[in-house]
Amino acid sequence: MGQGRISSLPQFFWGAKNEGKSDLLTTRRRFLEGSVLAAAGAVAPRAFSHAMAMPQATAPVVPNLDPNNLARFVDPLPLPVIARPVGMAAVPGAAGERVPHYRLAMRAIAARLHRDLPPSRLWSYGGSVPGVMFEARSGQGLSVEWANELPPKHFLPIDHSLHGAEKGTPESRGVVHLHGGKTPADSDGYPEDWYPPGKSRTYYYPNDQDAALLWYHDHAMGINRLNVYAGLFGLYVIRDPVEEALNLPGGKYEVPLVLCDRDLTRDGQLSYPVSPNPERPWVPEVFGLAQLVNGKLFPYLDVEPRKYRFRILNAANGRFYRLSVSPVVQIHQIGTDQGLLSAPVAVSDVQLAPAERADLVIDFAGHQGAQLQLMSESFPLMQFRVSASPVPDPSDLPASLRPLARIAESSAVQTRRLTLDETTNMVAESQGMLLNKTPWHMPITERPVLGTTEIWELVNLTDDVHPIHLHMVKFQILDRRRFDSFQYMTAGTLRYVDRVMAPDPNEMGWKDTARVNAKTVTRIIVPFQGYSGRYVWHCHILEHEDNEMMRPYEVLPATRS
Ligand SMILES: [Cu+2]
């Protein structure tokens, strides 16, 4: 029974029965409200973290590396290399217009994650992990040839029972998605548009959107979690005059930080957990013990006692971070997934679900000579070494950043109620997740019309927080409200059990990924502006996404009447 596949849905226990197993369910994991207990895996002994996180994973035959045995803060923080165009290219559909053209290859590399570890086998875009970083300007498009030059065999455990990963499919397939990009559908990296080694695709990114930190990563159907874990991700920043007029910390005072977690073998190689069933190695969540910042374990950064701007991405498969600086330093969040907030928000810590970004200004003035640490909960991720002498700081942290109107609910032409579901077997082990109880291959059910605005009510029937991402669009979070999930699953009626909760102040900007808390309805309001065509929406816990928690949606062309 537990061997079933998602195509045999009737075998699985659904919601209401699932509810009856709540004792069992609560013994595994979970992201509780606030969602960051998962991060505790980083500090806890491995037995605890595995018991909490991965009940289905078997312990490796040889125990994994315990990063606590490594020297801390011996490697300088690597900074991504900036991508350079290789020429100019025509713009699809725009005769005579030419834009900078780039070529990036996905290929196997060996890179040292820590001074005292041998090089690790990784898969990279452009020779490093994270990959090379794009610097783009709003309104100025660019094109990229994404070439698959990977070796033919995958080095992480493929689950051939997952949809799209059937035996006989090329193992090292890839397709690139620009996360947060307002991208035409044929350049968006549709999960089924993967291609094998020796092939490439050229995608066009119009960059017709506000300044923001985007990122690109693999999106190949059924193995996306493995490809990203292998290292296929990188940053893509868009700049614009509004942001530049603010005189925020820039140049070497603007530092990208890409966070992710990995399990490593004792000789420093990636270790991806597997279930006890060799026919179905998929596990529902992965929380690695090794925390990497820009591809290094415990790096340090020399800083001056002045303001810095940190552009932070959570690129982990499933880990949530709660970031702070120790000893305490005032943090201002100035932007979120899709760009600047209307005004800085003073925060003591910052939650980041997988795929979320935070734009932070941290002022080290007054901390001359100090050694500070960037923490997630009580676990250090990296060190800031503040130089001893005071320095001038000509940068600003303006009181207002960018006008940002809240979208009126009355502007929505439609409200869709969509559930987040988990399937479990008889012993309450997760067998996969779904959106609106509908597997990937079923016909498209969400067809918003280009230029219209909709409200999506995301009804989370599971015990997890799921970061839900819509391709192509940006949206605002309206509110969250807890509900009686048992009543919903048995009677089909939605009864709220708590008051409406506004988004956090640092969630009030434009988003492309929203935390949908357990047993909570999260409402987002989405203007479907950009392009018509077929896109996807999905959970950004990659193990969930790969096991059916992803659906296509289609933006219909605006009708003329
Ligand atoms: Cu999920």
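Position labels on residues start from 1 in each chain and follow its written sequence. Per-residue local features of the predicted model are confined to residues with pLDDT of at least 70, and side-chain atom pairs are confined, for both listing and counting, to 80 or more; whole-chain, interface and lining totals are unaffected and use all residues. For side-chain calculations, the full set of non-hydrogen atoms in the structure is used, while hydrogens and water are omitted.

**As for the overall build of the protein chain**
Okay, so step 1: Numbering of helices and strands starts at the N terminus; helices are DSSP runs of H or I of at least 4 residues and strands are runs of E of at least 2. Across its full length, the protein chain carries 7 helices and 32 strands.
Okay, so step 2: Split into buried and exposed, the 561 residues of the protein chain put 61% on the buried side.
Okay, so step 3: Using a 1.4 Å probe, the Shrake-Rupley method yields the accessible areas, and only the shown protein chains count as cover for residues. Accessible surface computed for the protein chain: about 20100 Å², of which carbon and sulfur atoms make up 54%. Only protein chains enter the accessibility calculation, which uses a 1.4 Å probe; a residue whose area is less than 20% of its type maximum is buried, one above 50% is exposed, and one in between is partly exposed.

**Concerning the sheet that holds strand E30 (residues 520-527)**
Okay, so step 1: Two strands form a pair only when DSSP identifies at least two bridges running between them. Spatially, E25-E24-E26-E30-E28 is the arrangement adopted by the 5 strands of the open sheet, whose pairing is mixed. The open sheet has two edge strands, strand E25 (430-435) and strand E28 (476-482), and neither has a second partner. Each strand of the sheet is rotated relative to its neighbour by a mean of 15 degrees, with strand direction disregarded.
Okay, so step 2: Sheet topology places strand E24 (residues 412-424) next to E25; 5 bridges connect them, and they run antiparallel. Bridge pairing in E25 places Thr423 opposite Gly432. For helices, the fitted line uses only the C-alpha atoms of the stretch in contact; every axis is such a line through C-alpha atoms, and the angle between N-to-C directions lies from 0 to 180 degrees.

**What to know about the side chain of Glu454**
Okay, so step 1: Tracing the backbone shows Glu454 in strand E26 (residues 453-460).
Okay, so step 2: Taking the relative accessible area as the measure of exposure, Glu454 reaches 1% and is therefore buried.
Okay, so step 3: Here Arg416 takes part through its side chain, which lies 2.6 Å from a polar atom of the side chain of Glu454.
Okay, so step 4: Side chain to side chain, Glu454 and Trp456 meet in a polar contact 2.9 Å long.
Okay, so step 5: Here, two residues are considered to be in contact whenever any of their heavy atoms come within 4.5 Å of each other. Setting aside anything within four residues of it in sequence, one finds Glu454 in contact with Ala412, Val413, Gln414, Arg416, Pro448, Val449, Ile524, Ile525, Val526 and Phe528. In protein, a polar contact requires one atom able to donate a hydrogen and another able to accept it; more generally it is a pair of N or O atoms within 3.5 Å, and residues adjacent in sequence count only if both atoms are side-chain atoms.

**Some remarks on the coordination of the copper ion**
A metal bound by six donors in octahedral fashion has ideal angles of 90 or 180 degrees, whereas one bound by four tetrahedral donors has an ideal angle of 109.5 degrees.
Okay, so step 1: Counted as coordinating are nitrogen, oxygen and sulfur atoms within 2.8 Å of the metal, or 3.2 Å for Na, K and Ca, while water is not included, which may make sites look incomplete. Coordination of the copper ion by the protein comes from His466 (ND1), Cys539 (SG) and His544 (ND1), over a distance range of 2.0 to 2.1 Å.
Okay, so step 2: Along the chain, the residues that donate to the copper ion are spaced as H-x72-C-x4-H. Residue His466 is found in strand E27 (residues 466-470), and its partner His544 is found in helix H7 (residues 542-546); the two are separated by 78 residues along the sequence.
Okay, so step 3: On the accessibility criterion, His466 (0% relative accessible area) is buried.

**Notes on the sheet that holds strand E29 (residues 513-516)**
Okay, so step 1: Read across the open sheet, the 4 strands follow the order E29-E27-E31-E32; overall the sheet is antiparallel. In this open sheet, the two strands that pair with only one neighbour each are E29 and strand E32 (550-555). Here the strands of the sheet are splayed against their neighbours by 25 degrees on average, with no regard to which way each runs.

**Some words on the pattern of salt bridges**
Okay, so step 1: One speaks of a salt bridge when a side-chain nitrogen belonging to Lys or Arg is within 4 Å of a carboxyl oxygen belonging to Asp or Glu. A full pass over the atoms with the stated rule returns 39 salt bridges.
Okay, so step 2: Ionic pairing is found between Arg417 and Glu457, a salt bridge with its closest N-O pair at 2.9 Å. With Arg417 in strand E24 and Glu457 in strand E26, this pair connects stretches of sequence that are 40 residues apart.
Okay, so step 3: On the basis of relative accessible area, Arg417 is assigned to the partly exposed category, the value being 40%.
Okay, so step 4: One connected set of salt bridges, linked through shared partners, spans Asp337, Glu356, Arg357, Arg480, Asp504, Glu507, Lys511, Asp512 and Arg515.

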